[in-house]
Every structure is written in C-alpha cells, then in structure tokens.
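This is what each chain is made of:
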Amino acid sequence: MQLRYGEGVTATVHTLRPGREPSIKALMNLTAPGLNAVNHVILDRMQSPVALIPELAGHLIAGGGKRLRPMLTLGCASVLGYEGNRHFKLAAAVEFIHTATLLHDDVVDASGLRRGKVTANALYGNPASVLVGDFLFSRAFELMVEDGSLRVLKILSRASAVIAEGEVAQLTAQRDVSTTEDRYLEIITAKTAALFAAACQIAAVVAERDEKVEEALASYGRYLGIAFQLVDDAIDYVSDAETMGKNAGDDFRDGKITLPVILAYARGNEDEREFWRRAMSGRANGVAELARAGELLRSTNAVADTMARARHYGQRAIDVLAGFPKSPARDALTETVEFAIARAY
C-alpha cells in the first residue's frame, strides 16, 4: 500500500471497527509511564509564590481531563520509536496551552460548568481566570525555549496564534445564521484542530524525522481534532449535562453557530428559519425553544449529518496512520479516533 502524506492523503481506508465499544484506555496504557513524567512537569511548573495561581490552575488541571493532547504527543512519539525524554516537557507545554485556552474560553462564554465541575471563572472571577491563563501560556513558552528547538517553537507558537484567531472568528460568527459550512470548518480547524495537529507534529521533530512524517502526523491530529469538535457540537443538542460535563444546550443559549444549526437553517422553510434567527439572536432561547430546536435538528437530519461528517474526518485520520508500520502505538491512536466518534452514543 502506497501512502502520499499531506493534505492529499491517499491510502486504503480502514473502516471504524464495529461490534465493540471503543476506548481511550489503549492510549492511556501506552502512554502511562510518560504521562507520569508529564504530570510531574505540570505540577512543578504551575507553582508560584502567588498562592491563587496554583490554586486556580490546579482546579482546572485536576478537574478530570483525560490529558488527550499530551497523550497524543507521547503516542505519536511511540509510533516513531522515539525513546528520549524531550517530549515530556513539550507535552506539558501542550497541556498548558490547552488549559489556558479553556480558562479564557470559559470567561468569554460565561460558562458555569467544565467537565462536570464549577468553572474557575465562576469560583474565582473573570479577572483571575484570564490572568492565570496568561501565566500558563507563559509557562508553556518557557518549556518550549528550554527544549531549544526553533522548529518546535515555530509549530507551537503558530498553533497558539491560530487558536486565538479561531476563537475570535467564532466570536464574530456568533449569532450569525448566514455562517456557511466552509466558514464553520475554518473556525473549528483553527480553534480546536490546530492544537491537536501541533501536539502530534512535534513528536516527529523530537524524533528527528523529515517534513513528510511531520505533515502526516499533523494531518492525523488535524482530522482527529475536526472530528472531535464536530462530535462536541452534535452532542450539545442530544446529550445531557452529566454526560457532557457542561450544561446541555449551552451552544444554543450562547447563539453559537455550529454545524447542526447551519444544516438545519439551510434545510428549513421560512418559518423554521425565522425560528433559528430569533433563537440565535437570543430573543427566544428558553427551554421550550431548545426542545423545538431538537425537533428541527432531528427532522432535517442535521445532527445525523454532523456525525456523518465526524466519521468522515475520523476515517481520514485513520487513513493517515495506515502509512506507519503496524504497532501497538498505531492501534492505540486508531482506537482513539474511534473513541472520539463514539462519545456521541
């Protein structure tokens, strides 16, 4: 089987495995020793003589997150047979970038729940959350500099800028029902998939592989990140707070224009479109309106088609992995894609 790396990936498509529930445990088991080292770095670098900083950062970092992005760095390094330890600090940097963006996002969204727990901004206030997010960004860049690779610094600093651009783009698209599917994909590729891609790509740098391998791993992460966000946006309308770790319908109440809304709006009649305009503008977004939104999303197959697109990008991620030798690490990364899709069921 011949694989061409990059955006034009071509390879045998491997169907997501039916018949059993996929799990992230394979990746967790694969990366457990390395993740312990990463956690030591995280705990050490979140310390500060200003007591509120480790207290607030620890509230989120210890709040039940799976450490998916640093695990991807470790898993991709394992796929390449890397046996050094540079990637431990870099995986911690990736987690700090992610945590900083969560702190900032919760302030922007005025969120009350994160991973099923009260958000830092709800407990400590918006100013403290923003400033501790800035502290964690700074720690991330310290770790990059300590690594000494300009290539790593370029990849992660660029990803940080792209994430910020994606968040601003999402803010400008908020409540705008004319947002297109292409624009939506640009936004989620920036705000979510960019860090997935960077987390995977830097593994190739520390393993001293060429740019083709870098791009292959970046593509895997990018496709996984897009699929991950598509699933998140779908389950906001079909799941519950206990499952999601946030309040059901938050995107609806915040007027976020996600793919389910874009599809339902495009496929609706004029009365239905007027409903979406009113709901997304914040004029009518209560419990009854959320229930009607769910009905329209079902009748137009908007959630089902959002999940179909998630499976498409998941397949592309798995397709990229087919270019690497078969190994427990490759199998774990493959099942991670399956797990990301299965969260909706």
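Per chain, the residues get numbers from 1 upward, laid out in the order the sequence is written. Owing to the predicted nature of the model, reporting of local features is limited to residues with pLDDT of at least 70; listing and counting of side-chain atom pairs is limited to 80 or more, with chain, interface and lining totals taken over all residues. In computing side-chain values, all of the structure's heavy atoms are included and hydrogens and water are not.

(A) Examining the packing of helix α3 (residues 68–79) against helix α9 (residues 211–238) more closely. Every angle, taken between N-to-C directions, lies between 0 and 180 degrees, and every axis is a line fitted to C-alpha atoms, over only the stretch in contact when it is a helix. Runs of E in the DSSP output that reach at least two residues are strands. Runs of H or I that reach at least four are helices, and both are numbered from the N terminus. Put simply, α3 and α9 touch, their axes get as near as 12 Å, and they point 150° apart. When the interaxial angle is binned, α3 and α9 end up roughly antiparallel. Judged by the sense of rotation from one axis to the other, the crossing of α3 with α9 is right-handed. Between α3, through Leu68, Arg69, Leu72 and Cys76, and α9, the contact on the second element is made entirely by Leu217, Tyr220, Leu224 and Phe228. The residue makeup of the contact of α3 with α9, split by class, is seven nonpolar, no polar and one charged. The scheme is simple: roughly parallel for angles under 35 degrees, roughly antiparallel for over 145, roughly perpendicular for 65 to 115, oblique for anything else. Should the near helix be turned anticlockwise from the far one by less than a right angle, the crossing is left-handed, and should it be turned clockwise, the crossing is right-handed. Should any heavy atoms of two residues lie within 4.5 Å, those residues are considered in contact. Under this grouping Gly is polar, as are all residues other than the nonpolar Ala, Val, Leu, Ile, Met, Phe, Trp, Tyr, Cys and Pro and the charged Asp, Glu, Lys and Arg.

(B) Inspection of the environment of Ile42 at higher detail. Residue placement: Ile42 occurs in helix α1 (residues 25–45). As for Ile42 and Glu95, which are separated by 53 residues in sequence, their C-alpha atoms are 8.2 Å apart. Excluding residues that lie within four positions of it along the chain, Ile42 makes contacts with Ile61, Arg67, Ala92, Glu95 and Phe96.

(C) Spatial organisation of helix α8 (residues 181–206). An expected span of 1.5 Å times one less than the residue number is assigned to each helix. Counted at 1.5 Å a residue, the expected span for α8 with its 26 residues is 38 Å, and the 36 Å between its end C-alpha atoms agrees. Where α8 bends most, at Ala193, the angle is about 50°. Across the 26 residues of α8, 21 count as buried, placing the element largely inside the fold. Remark: Glu208 follows α8 within two positions and exhibits a positive phi of approximately 60°. Bend at a given residue is defined as the angle between two axes, one fitted to the seven residues that end at that position and one fitted to the seven that begin there. Accessibility here uses a 1.4 Å probe with only protein chains present; expressed as a share of the type maximum, an area under 20% marks a residue as buried, one over 50% as exposed, and anything in between as partly exposed.

(D) Fine view of the pattern of salt bridges. For this document, the term salt bridge refers to a Lys or Arg side-chain nitrogen within 4 Å of an Asp or Glu carboxyl oxygen. Counted by the stated rule, this structure contains 15 salt bridges. Of the charged contacts, one joins Arg151 and Glu214 as a salt bridge, the two residues approaching to 2.7 Å between their closest N and O atoms. Of this pair, Arg151 sits in helix α7 (residues 150–173) while Glu214 sits in helix α9, placing them 63 residues apart in sequence. We note a salt bridge from Asp250 to Arg253, for which the minimum N-O separation is 3.2 Å. Of this pair, Asp250 and Arg253 both sit in helix α11 (residues 250–254), three residues apart, roughly one helical turn.

(E) Representation of the confidence of the model for the chain within the structure. Confidence scores labelled pLDDT are given residue by residue by the predictor and lie between 0 and 100. Taken as a whole, the chain shows an average pLDDT of 89; of its residues, 90% reach a score of 70 or greater. Contacts from residues 1–14, a stretch scored under 50 in pLDDT, to residues over four places away or in other chains number 37 contacts.

(F) Molecular detail of the state of the cysteines. The term disulfide is used for any two cysteine sulfur atoms that are within 2.5 Å. Within the structure shown, the criterion is met by zero disulfides. In this structure Cys76 is a free cysteine whose sulfur lies 3.6 Å from that of Cys200, the closest cysteine sulfur available.

(G) Inspection of the nonpolar core at higher detail. To qualify as a nonpolar core, a set must consist of buried Ala, Val, Leu, Ile, Met, Phe, Trp, Tyr and Cys residues joined through side-chain atoms within 4.5 Å. Formed by 109 residues in total, the largest nonpolar core has its most connected members in Leu72, Tyr220, Trp276 and Met280. No other element matches the 16 residues that α8 contributes to this core.

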